[in-house]
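Okay, here's what each chain looks like letter by letter:
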Amino acid sequence: MNLNCHNILRWTEAQLKYTYDVSLEDATPQELHEALGQAVMMAISDNWSKAKKTRLHQRKAYYISAEYLIGRLVYSNLFNLGILDEMKALFAQRGVDLAVLEDIEDDALGNGGLGRLAACFLDSAVTTNIPLSGYGLRYKFGLFKQSFDANGSQVEKADDWTKFGDPWSYRRYNHTVKIRFPEHTVLAVPYDVPIIGYGTNNIGTLRLWQCEAENELDFGAFNDQDYLRALDAKNKAEDITRVLYPNDSTWEGKRLRIKQQYVLSSASLQDMIRTYKSAYGNDLRHFADHYAVQLNDTHPAMSIPELMRLLMEEGMSFDDAFAIAQKTFSYTNHTVMGEALEKWPLDLMRSVVPEIVDIICRIDQKLKCEHPNLFIVKDNTAHMANLSVYVGSYVNGVAEIHSQILKDDCFKDWYQVYPERFQNKTNGITPRRWLGLCNPELTELISEKVGGDFLRDLDRIGELKPLIDDEMVKKFNAIKRLKKEQLCAVVKKHEGVELNPDFIFDVQVKRLHEYKRQLLNILSVVDIYFRLKEGRLPDFRPTVYLFGAKSAPGYARAKAIIRYINRVAKLINNDPAVADKLKVVFVQNYNCSYAEHIIPAADISEQISPAGTEASGTGNMKLMLNGAVTLGTLDGANVEIAQEAGMDNEYIFGHTVEEINAARPNYYARGIYDYNADLRRAINTLVDGTVPTDGDQQELFHALLDGTNWHKADHYFLLLDYESYLEAKLRANRDYGDRMAFGRKCLMNVASAAKFSSDRTIRQYAEEIWHIKPIEY
Ligand code: 26W
C-alpha cells in the first residue's frame, strides 16, 4: 500500500486540534492514540471499500466466533502497513516518542487460545488474500484486568476498554438488525474493524455486534419519576453484550450466555442473507454455493438452526433448509475436556429461543430415524457439539494428536458413520505479530540470512538450517540477551521486581488451569530450592521461573494455585542463600501485550499438560518461533514441534497418551508420594507452614493425594510425570551451560517453525474445508 506518512502525521495533528484542542506535544497517550487511529482509518478507507467491492461476488467464508483476542492494534496496524518505523521517526522529529502508546490497553475480547487463534486467522486470511470475514460480539467489558493483593490472591477489575474511545472501528448503524426474544426485541448494531493485511492492499472486516434497545427511554415511567423502570429496556438490551464470560474451558448453563450466543448467531446470519441478496438476488437456494461458515467451537452453533429458521421463514421446506445448512457450516473443536462441552437444558433454552429449540428437536428426530444410536437431544438436553457434527460438512481438531482423539474417543460413534467428515487443521500463529513486531532484532538477523520478506512466506525460514554457524549462534545469543534486558525493564516497571538478564528465563504463560499443571512447575521449583540449599545442585545455572496466567474468577482451585505460587515466590526471592541462583516471578495481568515482551526473552518454554489434554496450544509455537526450546510432554502441537525441530532440540518428558490411559485404572498417587522423598517434601509445603499459607492450600494437597468424591486423586497425573519432568528440567539447565550448543538448539527451533504459520493453517481451511481461492487485489 502506498501511504503517505506525512499526511497521516498532519491528519493526526488536525484531529488532536479539533477533537481535544491540544497540540501534538501536549496530547496524552490516549488522545494521541485516538487521533492517530482516526488518521490511519482515513488513510486506508479507499482500499477498504475497494476490497469489500472485490469480494462481493466471490465465493467467500465467514468465521463466527464469540471471542477475538486482538491485543493492541496501533503498532500491529502500522507494522502491517509497512510504516511503523517511518511513523516512529516522523513523530520523533516532532519530539513525540511513539513508545508512549505502550500505555494503550489491549482489545481483549477473548479469554485465551481460542480467541487469539481467531485473531491470528484474520491476519493470515487478509495477508494471503483469502476472502474471509469475521463476526463476533462487541463486549463492553473484555477479559478482566488482574492484579495480586498482599496475600498473593488474584483480584479482578472490569476492563472498560472503550472508555477513551475506540478509533479502530466504525459504527454502521444502517446495518443494524433486530433480534427477537419472547420478552423483548433488541437491536444488534454492527461495529466494523478493518483487518489490515501485511504486504497487500487487501483489507478485511471483523464485524462486532453490540446490543442496544429499540426504545432507550420509557417516557411513561419517566413521567411517573420511576427512573429505574424508565431505563429498564435499555439496560436489559445492553446487558446481553455487557461482558465477556471469563471462563476458559468450563461450561456454565447461564441464560444470558444463551442470549449472547443467539445474538451472535442471528445477527451474523441475517447480515449474510442481506449481503447475499444484494449480490445474488432473493433466491436463497444457492446460499451454500457462495458462502461457507466456520463455527469456532460450539459457541456460535445456534447459527445452524437459525439459518434454517431464516430460510424456512422465506418459504423453504425443512429438508431444503437442512441441506443448505449442512453444506454451509463446518465446526472446529478446541477441547476434549468434558466440562467444556456445551449441553443446554432444553427447558432453559426454550424460555429464551423457543423456535430454535423446535428446530433442534426436528433435526434430532431426523437424525434418530437415520441413525438410532446417535443423538443431539438426550435427557432433555441439547448437545451442541453433536448438532455441529451432524449438520455440517466437516469437523476438525486443532493438532494431529487432538484430531485423532476426536475420532477415537469424543466422536467415536460419529466417526463410524461419517468418517469423511473428520479432518485435522493444526493451529498456527501470525509471524507478523509474533516475530516481526515483537522481535524486530531477530527478524533482522533472519532477514540478513534468507533475504526477502520471509514474514509473508514463513517456509523460507527453513533455509536458515544449513546456514547456522558459530557466528550466527553468537548473534542469536546476543539478541536473546537484549530481549531479556528489555523484559527486565518491563517487569521492573509493572511488578517492581528486579530480574537479572544473565539468568535463564524459564517461562510458563497461559491460562491457569489444573490440566495445564502450573502446580507441577512450581512444585519442581520448590524441590530445586531445597536441593540448592543442601548443596546438591552444584552446577545449577541461575534461573528465573516466570509465570503469567489468569484464573477464571470462580475457579477456586486455580486461584489457590496462584496464591501458592506467589507465596513460594516471596519465600525464595527473600532468601539470600539462593539470591544468585533462583528467582520466581508471577507477572500480573498477562495479556497479548505482555506476551509480546515475554516470549522473545524466553529460553525455555514450559508446555507440560498431561498427554491427551491440551488440544494444541499456540503459545508453544510463539515461543518456538522466538527461539525457546520446549520443555514439554507429547501433547497437542508439542508433538509436531518436536517432529519439526527434532527430538534432540527439545526436552520432551512424561507419559504418552497410551501410557496414561494404561496407568489410569490403577493409578495410586500416594504410592509415588511415599516413595519419592524430595517430591514429598515439596508437596508437604502446601500444608506444613514452610510456605506461609492460610489453610487454602490444604485442599490442593488433598486433591493430589486423596481425591474428592467426584475426582480420583491427582486427576492430571502430576506425580506420575514428576520424575521425568524434573530430570528434563535439570538437563535443560545443565545444557544451557554450553552456550554455543544451546544457542544452536534455539536457532534450530526458529528455523523449524515454518509449519506453525497461521498462513499455512488458513490456506488449508480455504482449500480443504471452504473450497475457496485467494483473490487478486
Ligand atoms: C463455554 C466455556 C468454554 C470456553 C472456552 C469452553 C471452551 C472454551 C475454549 C474451547 C477453550 C480454548 O481456548 N481452547 C484452546 O483453543 C486453542 C486454539 O485452538 C488451543 O490451542 C488450546 O489447546 C485450547 O485449550
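Residues numbered from 1 in each chain as written. Predicted model: local features only at pLDDT ≥ 70, side-chain atom pairs only at ≥ 80, totals over all residues. Heavy atoms only, no water.

1. Observations concerning helix α21 (residues 518–533)
What counts is decided by this rule: By the criteria applied, helices consist of DSSP H or I runs no shorter than four residues and strands consist of E runs no shorter than two, each listed in order from the N terminus. A helix is expected to span 1.5 Å for every residue after the first. A simple rule labels every residue: compare its accessible area, found with a 1.4 Å probe on the protein chains alone, to the largest value its type can have, and call it buried under 20%, exposed over 50%, or partly exposed in between.
When the terminal C-alpha atoms of α21 are compared, their 23 Å separation across 16 residues agrees well with the 22 Å that a helix rising 1.5 Å per residue should span. Within α21, 15 of the 16 residues are buried, which leaves it mostly tucked inside the rest of the structure. Residue G535 follows α21 closely and has a positive phi angle near 70 degrees.

2. Description of the sheet that holds strand β15 (residues 381–383)
Within a sheet, adjacent strands bond to each other through the backbone by hydrogen bonds, running parallel or antiparallel. Under the convention used in this document: We call two strands paired when DSSP finds no fewer than two bridges between them.
The three strands are arranged β13-β15-β14 in an open sheet whose pairing can be described as antiparallel. The sheet terminates laterally at β13 (343–345) and β14 (377–378), the two strands that pair on one side only. In terms of strand pairing, β14 meets β15 through two bridges, oriented antiparallel. The residue of β15 that forms the bridge with K378 is T381.

3. A closer look at the packing of aromatic side chains
Which entries qualify depends on this criterion: Any two of the Phe, Tyr and Trp rings considered here, Trp counted by its six-membered ring, make a pair once their centres fall within 6.5 Å; the pair's planes then place it as stacked at under 30 degrees, edge-to-face at over 60, or tilted in between. Only lysine NZ and arginine CZ atoms are considered, and such an atom sits over a ring when it is within 6 Å of the ring centre and within 35 degrees of the ring normal.
Overall, the coordinates contain 30 aromatic pairs when judged by the stated rule. Summarising the aromatic geometry, the rings of W414 and Y418 are spaced 6.4 Å apart at their centres and angled 25 degrees between planes, so their arrangement reads as stacked. Like W414, the residue Y418 is buried in the burial classification. Of the aromatic side chains, those joined through ring pairs into one cluster are Y62, Y135, W209, Y276, Y280, F287 and Y291. In this structure, R172 packs its charged tip against the face of W48, placed 5.7 Å from the ring centre. In this structure, K366 packs its charged tip against the face of F322, placed 4.6 Å from the ring centre.

4. Some points on a nonpolar patch on the surface
What counts is decided by this rule: In this scheme, patches are assembled from residues that exceed 30% relative accessible area and form no salt bridge. Like charges are connected within 9 Å, while nonpolar side chains (Val, Leu, Ile, Met, Phe, Trp, Tyr) are connected within 5 Å. For every accessible area listed, the method is Shrake-Rupley and the probe measures 1.4 Å; residues are considered covered only by the protein chains on display. Salt bridge criterion: a side-chain nitrogen from Lys or Arg within 4 Å of a carboxyl oxygen from Asp or Glu.
A cluster of nonpolar side chains, L217, F219, F222, Y227 and L231, forms an exposed patch at the surface whose accessible area comes to about 470 Å². With respect to the helices, strands and loops of the structure, F222 is situated in helix α6 (residues 219–223). Classification of F222 by relative accessible area gives partly exposed; the value is 37%.

5. Comments concerning the packing of helix α20 (residues 470–495) against helix α31 (residues 739–751)
Keep this limit in mind: Every axis in this analysis is a line fitted to C-alpha atoms, fitted for helices over the stretch in contact. Angles between the N-to-C directions lie between 0 and 180 degrees. Roughly parallel means an angle under 35 degrees; roughly antiparallel means over 145; roughly perpendicular covers 65 to 115; every other angle is labelled oblique. In what follows, residue pairs with any heavy atoms lying within 4.5 Å of each other are defined as contacts. Residue type decides the class: Asp, Glu, Lys and Arg count as charged, Ala, Val, Leu, Ile, Met, Phe, Trp, Tyr, Cys and Pro as nonpolar, and the leftover types, Gly among them, as polar.
For the pair α20 and α31, interaxial distance at closest approach is 9 Å and the crossing angle is 85 degrees. What the angle tells us is that α20 and α31 run roughly perpendicular. Listed contacts from α31 to D470, M472, V473, K474, F476 and N477 of α20 are R739, M740, G743, R744, C746, L747 and V750. A class-by-class count of the residues in the contact of α20 with α31 yields seven nonpolar, two polar and four charged.

6. Topic: the sheet that holds strand β21 (residues 604–607)
Here six strands make up an open sheet; going across it, the order is β20-β19-β18-β21-β22-β23 and the pairing parallel. Looking at the sheet topology across the chains shown, the edges are occupied by β20 (582–587) and β23 (651–652). Bridge count between β21 and strand β22 (residues 629–632): four bridges; the pairing is parallel. Looking at the pairing, I604 lines up with V629 of β22.

7. Quick word on the side chain of D297
Basically, it comes down to this: Only four residue types enter the tally: Lys and Arg on the positive side, Asp and Glu on the negative side, with His and both chain ends excluded.
Mapping D297 onto the fold places it in the loop between β11 (291–296) and α11 (303–313). For the buried D297, no salt bridge exists, and the shortest N-O distance to an oppositely charged side chain is 7.6 Å, to R257. Look past the residues within four positions of D297 in its chain and what remains in contact with it is L114, Y331, T332, N333, H334 and T335.

8. Points about the site of the ligand
Using the following cut-off: Near residues are defined by distance, with any heavy atom within 4 Å of the molecule or strand qualifying the residue. Whenever a nitrogen or oxygen atom comes within 3.5 Å of another N or O atom, the pair is scored as a polar contact, on the condition that within protein one atom can donate a hydrogen and the other can accept it, and that pairs from neighbouring residues in sequence are kept only if both atoms are in side chains.
Lining the immediate environment of the ligand, one finds 23 residues, of which H334, N427, E614, S616 and G617 sit closest. A615 has a polar backbone atom sitting 3.4 Å from an oxygen atom of the ligand. At 2.8 Å from an oxygen atom of the ligand is found a main-chain nitrogen or oxygen belonging to G617. When the ligand is considered free in solution it has 570 Å² of accessible area, and contact with the protein chains removes 97% of it. Looking at the shell around the ligand residue by residue, the class counts come to seven nonpolar, eleven polar and five charged.

9. Observations regarding the environment of N626
As for its placement among the helices and strands, N626 is situated in the loop between α24 (619–625) and β22. Sequence spacing of N626 and S45 is 581 residues, and the spatial spacing of their C-alpha atoms is 34 Å. Contacts of N626, omitting those with residues within four sequence positions, involve W434, L435, C438, N439, L442, F476, K480, I599, P600 and V750. Separated by 3.0 Å, the side chains of N626 and N439 make a polar contact.

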